[in-house]
Amino acid sequence: MTGAHRDSSRVEADREFLSAVHPAFRSGQPPPGIWRLLAPALLAWALSAFAVVRPGTGGWLLLGGAALGVVVVCGELFAGLRDARRKREQERRQPPDSAHRALGKPTARARTPRYLAGPVVITCALVALLGARIDHGETVRSDATLEAQAERTTARSYEVILRGYPTTGDGATWIVASVRGANGWVPIVLWCGNDAFDTRAETARSVTGAMSAAAPPPSGSPSGSAPEPEHERDVCAPEWGPGAAVVVRGTLVKLEAGSSSAFGVRVSAARSRSSGGAASTGAAGLRTGLRVAAAQISGAELVPGLAVGDTALVDQHTDAQMRNASLTHMVAVSGANCALVTSSLGWVVARCGAGRRIRVLVQATALMVFVYIVGPDPSVQRAAVMAAVILLSGYGGKRSVALPALACAIIALLVRDPWQSLHPGFALSVAATGGILLAVPAFTRALARWMRVPRWAILPIAVAAAAQMACAPLLVLIQPGLPAVGVLANVVAAPAAPFGTGLGLIALITLPIAPNLGAWCTQLAGMAGQWIVGTAAVTSALPYARWPWPGGWPGALLLAGVEVALGIAWWLFSSRVSRSARGRPWGSATTASKSAVRWTLGLAAAGVGTLLGPTVVAPTTARTAVPQDWSVVACDVGQGDAVLARDPARPSEVLLVDTGDDAEALLGCLERFRVDRITLLVISHDHQDHFGALSAVSSRVDRALVAPENREGGRTRPLLEELGRAGIPVDIARGGARGTVGAGLPWRILGPSGERVPANANAASVVMTVRAGALTVLFLGDTGEESQTELLRSAGELRADIVKVAHHGSRDQAPALPARVRAELGLISVGLDNRYGHPTTETLAELRSAGTRPARTDELGSIAVSGEPGRLRVWGTSPRAPSESATVVRSD
């Protein structure tokens, strides 16, 4: 489960926490709190996000904030002196009674600026403080020695200090660490194992690279170097924890300025040098014990995630279902877990007769221990700081206030690490909490008025809706589309979450001292986990479970505008209803002004119309424009392959060659071309850009055909493991094999031959021909010049009407192959503006010289081919017109 996707669904995780710390959410009343601290915190957050991606801006924030703060303070002092002088003058000129009435009343001109002076001064102080932290952080991160090593791209050894526990997702494992630099400890991320070698900088953004307090430097190792590891192993060993000193060997990569970590290390070998102490070792042991116990019990894979956020046992298929149902937050520790720990212990201590202050001390201690076991996740840190502020206010007997506590959490975490301002988990956690605090009371009253059901049943719906709406624009930035079943799934799964979390925590504690009791608790917690998994499976399979919506900032701003318009329209309507019903037991309404009615109807129409555009109108129009007689479709999945083939006379029998690495793009392509089932899935070879999105379509696949093993990858194949978990029957492709897809789509394997084991995954690529209706299609996988030359020698007839060009049109091609194939059309699946320069000019020239016209997904989008030899019709989803290609019909 990726950091980004795990964080992106934390929209409900603070419900229990907020209900526990403040009774307002049970009564439906608005939560107390003021904006005097929250507004400066939000502004400082925005400025931090602006500054961390623009090196050198931190110093200007420091100077600007300090200067503006000095000006405001001096202005306040001057205004105070002026008011005092005016009061003295009024006292001399007016009678005593009149002067007494006027005493202490500032002039109207000074009243408004002085009211804003406090928040302005707080904002200036925060901006100056964060500017100083950013400036210092940039000095630490800009290490000349490490930058030079990253430019050389050679493997080196580094002694690092781990700052968290291993995190697993989508077949990759990573861990946050720091390395000693010239100016301090530089935050880095370790990418562990072969699956992490292709991790992109965007993945590093989703990992918190928080700089910890200064730790003792590793002895005997110069800056950026360390002794050689004695033996190779997975660096992210489960027994390692925060504070452990580890020697790793790998290639250093410099990350973008806004990344949580300054550098990433593609680790090839590692060894432990020292543990992080008894506390770290003990916490890691507790986590490992719970994971091992859950792995031995069928159906308990979610228990470590429910208890401590450990998702190593969650397979990609379950992860995809939970992601589509907006349920991944339940295995990402946040405010709900903190609430369960603090409220449960508070109740137990109270039952023992302890006073308020003893309860607060016990709860605070338990909270610190829990956060240490879970690790430095941004969501956990935010919830812990909020809980600490609320517990501290309760220690003195004062009323707990949630909005100022949220502001304190934002400020504390940004001061600790300003680079968290761009962390998706931090942003979603704050947005969900703020949405619950501000909107739940109003939602509860509205639902109680219109649904006429008990309040205890309304509250979960209100919480789910408020958090989902608050996070929806941010979620669009991470994953395009709207989870239409998110609220329903969360309401259904909500009762199981506290049981699974509570029993999982009990199992965590009892397993070392009473294994049988711990295993029994793990099994009970697994039942709650199965409820959540079942909810995800059912709701994600519902029709229209996810609505199409544009991604990126345009999509986020569009969705935010829709929510604002509908929110204002709903507020105007509900305010009118409240005023009309007040004092009229029979509900007779007063006549609203025409202006109010026009605004209400106009905003509602604009919001609904804008919402229906991308979700209903555009998909319907696109599906109508799609040619119904297509034989081959090259799906636009970026820098990856995913090609559909069928006989138009048998549209239900579909072959899919590869899945690409973009699940949303693949699912969108299947929906556009109305592919519900995949009769045969062919994975040409074991690279992520060819099977990375397998989990998104595994529930639709009847059978799979995969490439043989290769010497480089060995016998351990994550592809086969994933297919096995999904229950898909698998065949290994062998040269000369033949078959049909259903009853009318014949295929033949041309390579690789079974005479020897291919050297690497590309050399093991499945080369096959498929007869799709009247068209013959040649699939070349990612074969290179050597494999293609062998194909030319060993294969007989290679003539085809369409060729899927190998390796996205790279330079590694056999020059004689296009002339031998003599295809009319060459499909090139390639990402727009990719960093590899694909397709190369040499490959394009070779295709043209053989009479093969290229059709590229970076120019046409998803490409559908229909017709018959000599009269091909090519249709593309993108309006970008190629300079020369086959006859193209472009979509509107």
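Here is what the cut-offs are and how they apply
Residues numbered from 1 in each chain as written. Predicted model: local features only at pLDDT ≥ 70, side-chain atom pairs only at ≥ 80, totals over all residues. Heavy atoms only, no water. 1 Å grid on protein atoms, 1.4 Å probe; cavity = no way out; pocket = protein on both sides within 12 Å on 5 of 7 lines; lining within 4 Å. Points joined across faces, edges and corners; volume = space filled by probe spheres on them. Helix = DSSP H or I, 4+ residues; strand = E, 2+ residues; numbered from the N terminus. Nonpolar A, V, L, I, M, F, W, Y, C, P; charged D, E, K, R; others polar. Buried < 20%, exposed > 50% of the residue type's maximum accessible area, 1.4 Å probe, protein only. Arc of directions from axis to C-beta. Contact = heavy atoms within 4.5 Å. Phe/Tyr/Trp six-rings, centres within 6.5 Å; stacked < 30°, edge-to-face > 60°. Axes fitted to C-alpha atoms, helices over the stretch in contact; angles between N-to-C directions. Parallel < 35°, antiparallel > 145°, perpendicular 65-115°, else oblique. Left-handed = near helix turned anticlockwise from the far one by under 90°. Pairing = 2+ DSSP bridges. Right-handed = clockwise from strand over helix to strand, strands pointing away. Patch = residues over 30% accessible without salt bridge, like charges linked within 9 Å, V, L, I, M, F, W, Y side chains within 5 Å. Areas by Shrake-Rupley, 256 points an atom, 1.4 Å probe, with all protein chains shown as cover. Salt bridge = Lys/Arg side-chain N within 4 Å of Asp/Glu carboxyl O.

Okay, the layout of surface pockets next. Considering only enclosed or pocket space, the second largest pocket measures out at about 680 Å³ in volume. What lines the second largest pocket is a set of 35 residues, among which Pro 752, Arg 756, Ala 763, Ser 787 and Glu 790 lie closest to the centre. Secondary structure elements with two or more residues in the lining of the second largest pocket: strand E16 (746-751) and helix H28 (785-794). It is H28 that provides the largest number of residues to the lining of the second largest pocket, a total of 7 residues. Broken down by class, the residue content of the lining of the second largest pocket amounts to 11 nonpolar, 14 polar and 10 charged.

Turning to H28, a few remarks are in order. Looking only at H28, the buried set comprises Gln 788, Leu 791 and Leu 792. Along H28, the residues classed as buried sweep out an arc of 100° about the axis, all on the same side. Turned more than 90 degrees away from the buried face of H28, the exposed residues are Glu 786, Arg 793 and Ser 794. Close packing links the buried residues of H28 with E16, strand E17 (767-772) and helix H29 (817-821).

This next bit is on the packing of aromatic side chains. A full pass over the atoms with the stated rule returns 4 aromatic pairs. Measuring from centroid to centroid gives 5.8 Å for Phe 443 and Trp 570, while their planes differ by 85°, and the two rings are edge-to-face. With a gap of 127 residues between them, Phe 443 in helix H17 (residues 424-451) and Trp 570 in helix H22 (residues 552-581) connect regions that are remote in the sequence. Judged by relative accessible area, Phe 443 falls into the buried class, the value being 16%.

With their axes 8 Å apart at the nearest point, helix H20 (residues 496-510) and helix H21 (residues 515-540) run at an angle of 160° to one another. Between H20 and H21, the crossing angle belongs to the class labelled roughly antiparallel. When you trace H20 past H21, the crossing you get is left-handed. Across the interface between the two elements, Ala 496, Ala 497, Phe 499, Gly 500, Leu 503, Gly 504, Ile 506, Ala 507 and Thr 510 from H20 touch Pro 515, Leu 517, Gly 518, Cys 521, Thr 522, Leu 524, Ala 525, Ala 528, Trp 531 and Ile 532 from H21.

Right, let's get into the pairing of strand E11 (residues 650-657). Pairing geometry for strand E10 (residues 643-647) and E11, over 5 bridges, is antiparallel. Within E11, the position partnered with Ala 645 by the bridge is Leu 655. Handedness of the crossover joining E11 and strand E12 (residues 680-683) through helix H24 (residues 663-672) is recorded here as right-handed.

Our next topic: a nonpolar patch on the surface. Together, Leu 488, Val 492, Trp 531, Val 538 and Leu 542 line one region of the surface with nonpolar side chains, adding up to about 450 Å² of accessible area. The set of elements that each furnish at least two residues to the nonpolar patch consists of helix H19 (486-493) and H21. With respect to the element layout, Val 538 can be found in helix H21. Given the relative accessible area of 54%, Val 538 is considered exposed.

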